[in-house]
Amino acid sequence: MSSDNTLSPAAGVFWLIGVRVLLLWGQGSDGAFRHAKQLDLRAGNTSVTAFQMAPGFNVAALAGSWRQASDLEEFAAAVGLSARDQASLIAAVFGTVAPMFRLLDDERFKALTALFFATPGLAGGHAHVDAVSGIKTAIVTLPSRARIAEGDIIVSQGETIGIGRVRSVVGFLARDNDGQRLAAIDFSTPPVAGPSLVVTARGFALLSLVVERHEDIGAFRKLHASASPDRVSLLHSADGDAAVELDVLARRKAGSASISEPALGFRFDLSAFASMPHGLFVAGWFHDPDGLVETMTAIDHSLVDATVSDRWMLHSGQTGAKDARVHVTCYAAFLPRREEQCAPSSIRFRIGLANGENHFVDAPRLAQDLLSQRKTILNAIAGHAFDLDVLRNIYRPALAPLQDALNSRQFVRETFEYGPKSSRKVSVVIPLYREIGFIRSQLIAFDVDPFVRASCEIVYVIDDPLIALRVRNILSGSVHVHRLDIKLVVLGRNGGYALANNFGVDAADGETIVLMNSDVIPEDSGWAEPLVDRLATLPARSVIGPKLIYADESLQHAGMYFFRLETSHWQNMHYFKGYGRALPPADREREVPAVTGALMILRKADYLAAGGFTSDYVVGDYEDSDLCLKLRAMGGTCLYMPDVALFHFERQSMQDSTVERDLGSTIYNRALHTDRWNDTIEALMARFDEVGDAI
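Residues numbered from 1 in each chain as written. Predicted model: local features only at pLDDT ≥ 70, side-chain atom pairs only at ≥ 80, totals over all residues. Heavy atoms only, no water.

Undergrad: Would you mind going over the pattern of salt bridges with me for this structure?
TA: Pairing between side chains of opposite charge can happen when their charged atoms approach one another. Inspection of the entire model under this criterion finds 27 salt bridges. Note that arginine 424 and glutamate 417 form a salt bridge whose closest N and O atoms lie 3.2 Å from each other. The exposure class of arginine 424 is buried, given its relative accessible area of 8%. Several salt bridges converge on common partners, so that one network encompasses Glu417, Arg424, Glu457, Asp485, Lys487 and Asp509. (Salt bridge = Lys/Arg side-chain N within 4 Å of Asp/Glu carboxyl O. Buried < 20%, exposed > 50% of the residue type's maximum accessible area, 1.4 Å probe, protein only.)

Undergrad: It is not clear to me how the side chain of serine 156 should be interpreted in this structure. Could you clarify?
TA: For serine 156, the position within the fold is in strand S8 (residues 153-157). Look at serine 156 and you get buried, because its relative accessible area is 1%. Those residues in contact with serine 156, other than ones at most four positions away along the chain, are Phe117, Ile161, Gly162, Val192 and Ser196. (Helix = DSSP H or I, 4+ residues; strand = E, 2+ residues; numbered from the N terminus. Contact = heavy atoms within 4.5 Å.)

Undergrad: Help me understand empty space enclosed by the protein, please; the structure alone is not making it clear to me.
TA: Vacant regions in the atomic arrangement are exposed by a probe of water-molecule size rolled over the atoms. Taken as a whole and judged by the stated rule, the model has one cavity of 30 Å³ or more. Lining the largest cavity, in full, are Gln403, Asn407, Gly495, Gly496, Tyr497, Ala498, Leu499, Ser615, Tyr617, Val619 and Glu623. Per-class residue counts for the lining of the largest cavity are five nonpolar, five polar and one charged. (1 Å grid on protein atoms, 1.4 Å probe; cavity = no way out; pocket = protein on both sides within 12 Å on 5 of 7 lines; lining within 4 Å. Points joined across faces, edges and corners; volume = space filled by probe spheres on them. Nonpolar A, V, L, I, M, F, W, Y, C, P; charged D, E, K, R; others polar.)

Undergrad: Quick question: what am I supposed to make of the environment of serine 423 here?
TA: With respect to the helices and strands, the residue serine 423 is situated in the loop between strand S21 (412-418) and strand S22 (426-432). Residues in contact with serine 423, not counting those within four places in the same chain, are Ala454 and Ser455.

Undergrad: Explain unusual backbone geometry to me, please; I cannot follow it from the model alone.
TA: For residues that are not glycine, phi is negative in most cases, and the peptide bond is trans in most cases. The residue arginine 541 is not glycine, and still its phi comes out positive at about 70 degrees. Along the chain, arginine 541 turns up in the loop between helix H13 (528-536) and strand S27 (543-549). A relative accessible area of 26% means that arginine 541 is categorised as partly exposed. Although it is not a glycine, valine 619 sits at a positive phi angle of roughly 70 degrees.

Undergrad: Quick question: what am I supposed to make of the sheet that holds strand S1 (residues 12-16) here?
TA: Through backbone hydrogen bonds, the strands of a sheet pair up, either in parallel or in antiparallel fashion. Ordered by their spatial adjacency, five strands build an open sheet running S3-S4-S2-S1-S5, and the pairing between neighbours is mixed. Where the open sheet ends on each side, the last strands, each with one partner, are strand S3 (37-43) and strand S5 (67-69). Across the sheet, the mean angle separating the axes of adjacent strands is 30 degrees when strand polarity is ignored. Pairing of strand S2 (residues 21-26) with strand S4 (residues 46-52) involves four bridges; the strand directions are antiparallel. Directly across from valine 21, in S4, lies its bridge partner glutamine 52. Strands in contact with helix H1 (residues 72-79) are S1, S2, S4 and S5; relative to S1, the strand with the most contacts, it is inclined by about 165 degrees. (Pairing = 2+ DSSP bridges. Axes fitted to C-alpha atoms, helices over the stretch in contact; angles between N-to-C directions.)

Undergrad: What's the story with a negative patch on the surface in this structure? I'm lost.
TA: A cluster of acidic residues, Glu215, Asp216, Asp241 and Glu245, forms a negative patch on the protein surface. In this structure, aspartate 216 sits in the loop between strand S12 (203-214) and helix H4 (217-224). A residue is classified by how much of its surface remains accessible, and aspartate 216, at 34% relative accessible area, is partly exposed. (Patch = residues over 30% accessible without salt bridge, like charges linked within 9 Å, V, L, I, M, F, W, Y side chains within 5 Å. Areas by Shrake-Rupley, 256 points an atom, 1.4 Å probe, with all protein chains shown as cover. Lys, Arg positive; Asp, Glu negative; His and termini not counted. Charge placed at Lys NZ, Arg CZ, Asp CG, Glu CD.)

Undergrad: Teacher, can you tell me more about the packing of helix H5 (residues 229-238) against helix H6 (residues 240-252) here?
TA: Working note: a packed helix pair is described by the angle between its axes plus the distance between those axes. For the pair H5 and H6, interaxial distance at closest approach is 6 Å and the crossing angle is 125 degrees. Classified by the interaxial angle, the pair formed by H5 and H6 is oblique. On H6, the residues that touch Val232, Leu235, His236 and Ala238 of H5 are Gly240, Ala242, Ala243, Leu246 and Asp247. The class makeup of the residues in the contact of H5 with H6 is six nonpolar, two polar and one charged. (Parallel < 35°, antiparallel > 145°, perpendicular 65-115°, else oblique.)

Undergrad: Help me understand the packing of aromatic side chains in this model?
TA: Two numbers describe a pair of aromatic rings. These are the distance of the centres and the angle of the planes. Under the counting rule described, the total for this entry stands at 19 aromatic pairs. An aromatic cluster is built from Phe94, Phe109, Phe116 and Phe204, whose rings are joined through pairwise contacts. For the cation-ring pair, arginine 175 lies above phenylalanine 172, with the distance from its terminal atom to the ring centre recorded as 3.6 Å. Over the ring of tyrosine 575 we find arginine 590, and its NZ or CZ is 4.9 Å from the ring centre. (Phe/Tyr/Trp six-rings, centres within 6.5 Å; stacked < 30°, edge-to-face > 60°. Lys NZ or Arg CZ within 6 Å of the ring centre and 35° of its normal.)

Undergrad: Sorry, what's going on with the pairing of strand S13 (residues 258-261) here?
TA: Two faces, one strand: in a regular strand the side chains alternate between the faces of the sheet. In the sheet, S13 pairs with strand S14 (residues 266-276) via four bridges, with the strands oriented antiparallel. In the strand pairing of S14, isoleucine 259 is matched with phenylalanine 268. Where S13 hands over to S14, the hairpin turn is made up of four residues, of which glycine 265 adopts a positive phi near 65 degrees.

Undergrad: Would you mind showing me how to read the packing of helix H7 (residues 370-379) against helix H8 (residues 388-408) here?
TA: Running from N to C, H7 and H8 cross one another at 155 degrees; their axes reach a closest spacing of 10 Å. The pairing of H7 with H8 is recorded here as roughly antiparallel in orientation. In this structure, H7 meets H8 at a crossing whose hand is left-handed. On H8, the residues touching Leu370, Leu371, Gln373, Arg374, Ile377 and Leu378 of H7 are Tyr395, Ala398, Leu399, Leu402, Gln403, Ala405 and Leu406. A class-by-class count of the residues in the contact of H7 with H8 yields ten nonpolar, two polar and one charged. (Left-handed = near helix turned anticlockwise from the far one by under 90°.)

Undergrad: Which parts of the structure should I look at to understand the confidence of the model for the protein chain?
TA: Caution applies to low-pLDDT regions: their predicted coordinates should not be interpreted in detail. Averaged over every residue, the pLDDT of the protein chain is 89; the share at 70 or more is 94%. A low-confidence stretch, residues 1-10 (pLDDT under 50), is modelled with 19 contacts involving residues beyond four sequence positions or located in other chains. Low pLDDT, under 50, characterises residues 652-662; the stretch is placed with 27 contacts to residues that sit more than four places away or in other chains. (pLDDT = per-residue confidence, 0-100.)

Undergrad: Quick question: what am I supposed to make of the pairing of S4 here?
TA: Counting buried residues along S4, six of its seven residues qualify, which places the element largely inside the surrounding structure. Pairing analysis gives seven bridges linking S3 to S4, with the strands arranged antiparallel. Its bridge partner being in S4, arginine 42 is matched across the sheet by serine 47. Taking the residues that link successive antiparallel strands as the turn, the S3-S4 hairpin has two residues, and the phi of glycine 44 there is positive, at about 65 degrees.

Undergrad: Honestly, the sheet that holds strand S20 (residues 358-362) in this entry has me stumped. Any pointers?
TA: With antiparallel pairing, three strands are arranged side by side in an open sheet as S16-S19-S20. The open sheet is flanked by strand S16 (293-298) and S20, the only strands paired with a single partner. The average angle at which neighbouring strand axes cross in this sheet is 25 degrees, direction not considered. With five bridges joining them, S16 and strand S19 (residues 348-353) adopt antiparallel strand pairing. From the neighbouring strand, threonine 297 faces S19, where its bridge partner is arginine 350.

Undergrad: Can you walk me through helix H15 (residues 623-633) in this structure?
TA: The α-helix winds at 3.6 residues per turn, so residues separated by three or four positions along the chain end up facing the same way. Within H15, ten of the eleven residues are buried, leaving the element largely enclosed by the surrounding structure. Of all the positions in H15, only Glu623, Asp624, Ser625, Asp626, Leu627, Cys628, Leu629, Lys630, Leu631 and Arg632 are classed as buried. Glycine 635 sits one or two positions beyond H15 and adopts a positive phi of about 100 degrees.

The following block contains the structure:
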């Protein structure tokens, strides 16, 4: 290449880099470029344009208006580019111009590339390339001294020029970094063994590639899954096509999720695992009387930080049969994932011990659909160790995006109407999930109430598609027996209590809304009209809850209050629960901190203004008190009205409730509710009398 740097900046200068492709700098325009393809580039603060000229282009046509540079140095001198700007320009030429303008087979461009390879004094090194047939991304093992970064260009020469762009450069997670790093590089053509040119914004270097070719993903994984899981993880995070195949293979060939080393008195178990687009959740336990466990690292290069032990929270626990319980340390952690990275379905973890040993566990083979992942995370919750730090740092960041994704799937599949239309002054919204045995009893109770027949639409919301046909049969038959205005909203899937009510209210026509559980039945006629009339006397954003009684006529609801547990979380409690229905304090209308969602009445406009039931509570708990607190914050009040009584066969509508609900979701929802409303509840409860004598 020429070393003449004496040219002063010209009004316009071009450099021919291909038979029909040139770089141009300068002002003005020329008819020669009228039909040329154009690409604007930046070299530092300088704008340069690449043109692909029309067929038959003759460089002599530019001679009168533009100066031709013979090489990079002459072009840079004319334009005034620094050495760093030159490198940036060439990186753009190889990374963008060459693929876009199809220069890889251009003989002039090949000759230009050869000149760069021959640049004297370039630093060199060796790299090992794992290339999989049919996969554009190769995994390259680099010496740590190689100054290669994301976005750099790798140029190889064969029958055609090969261009590779570095997607990411990472250190090893499965072992200590011993002078090597890994890079994921996307190649336009299969990488060629031998010298390659590294083009960066910092300059050029040579890298001698040793290429190991694998006939398919299976062969690549078989070689590296145990010996070098970092390579497998990096390919998964960098290439979507490879990720799909690797996930299939991982599900078929999962390893052990536990370690047992009797000689060291050491056991380690990974019992809960959820790999999600937004991050990784893990939980388990280890028995480590000598304190050997130092680190736990996820071999997953899509994570922001793969060191589990830097983020885990620990608490003591026990494991084993009743007659052989062993004290263990339990752990749980959530690790965020980088945006737009593939989430592997299986991950290997390195357990580093104080004696220098590394042991490995593989993720347990658990279902990875959204509902299963949510259940896995909830079932890992331990109530005695679930403080607000655990909520904020582990469970909420793990669960909230899952819950949002599940909520976004809900939709109205069908809507049906039965019976004569009422005035629809009031809408009674009743979600249905699994249990439908109370529908006929509700319809009978509604039908004997003249106000309900004349003024109310009954909106049943099916939150369980499996029961849709049975409910439709019941309601279509009811028109021959009852004179009721009934609307049936069939949702597409089970989305939980909050969404079922929200969809029901959206479908309701009444200006007043009664939210009713499917296991609540009016004791007598004349229950709805007094509630509607009393609501009309209350300020906006107010809500009323009536007296609810069990089948044995003991009290279930006479208003709700909040009680702080030993965990510091606020628990929803019911005044006088279990006492006789005629208990004098329960027969007094009064303001209460909150009322139950099993039966509450409020204006539809107020429900919508408050955003309805908050849908980030899982399955169904605390939405009612959350709504009451939102209404209070907007200036409303919560009133208990004992003149109206209904039967509540509590939990009958959830008779198939699962461990997820009884343990995980209740603890999670309680903590979420506390974190959101703690200060408000403290101030609110200070206004109300002590309730110890009422419990």
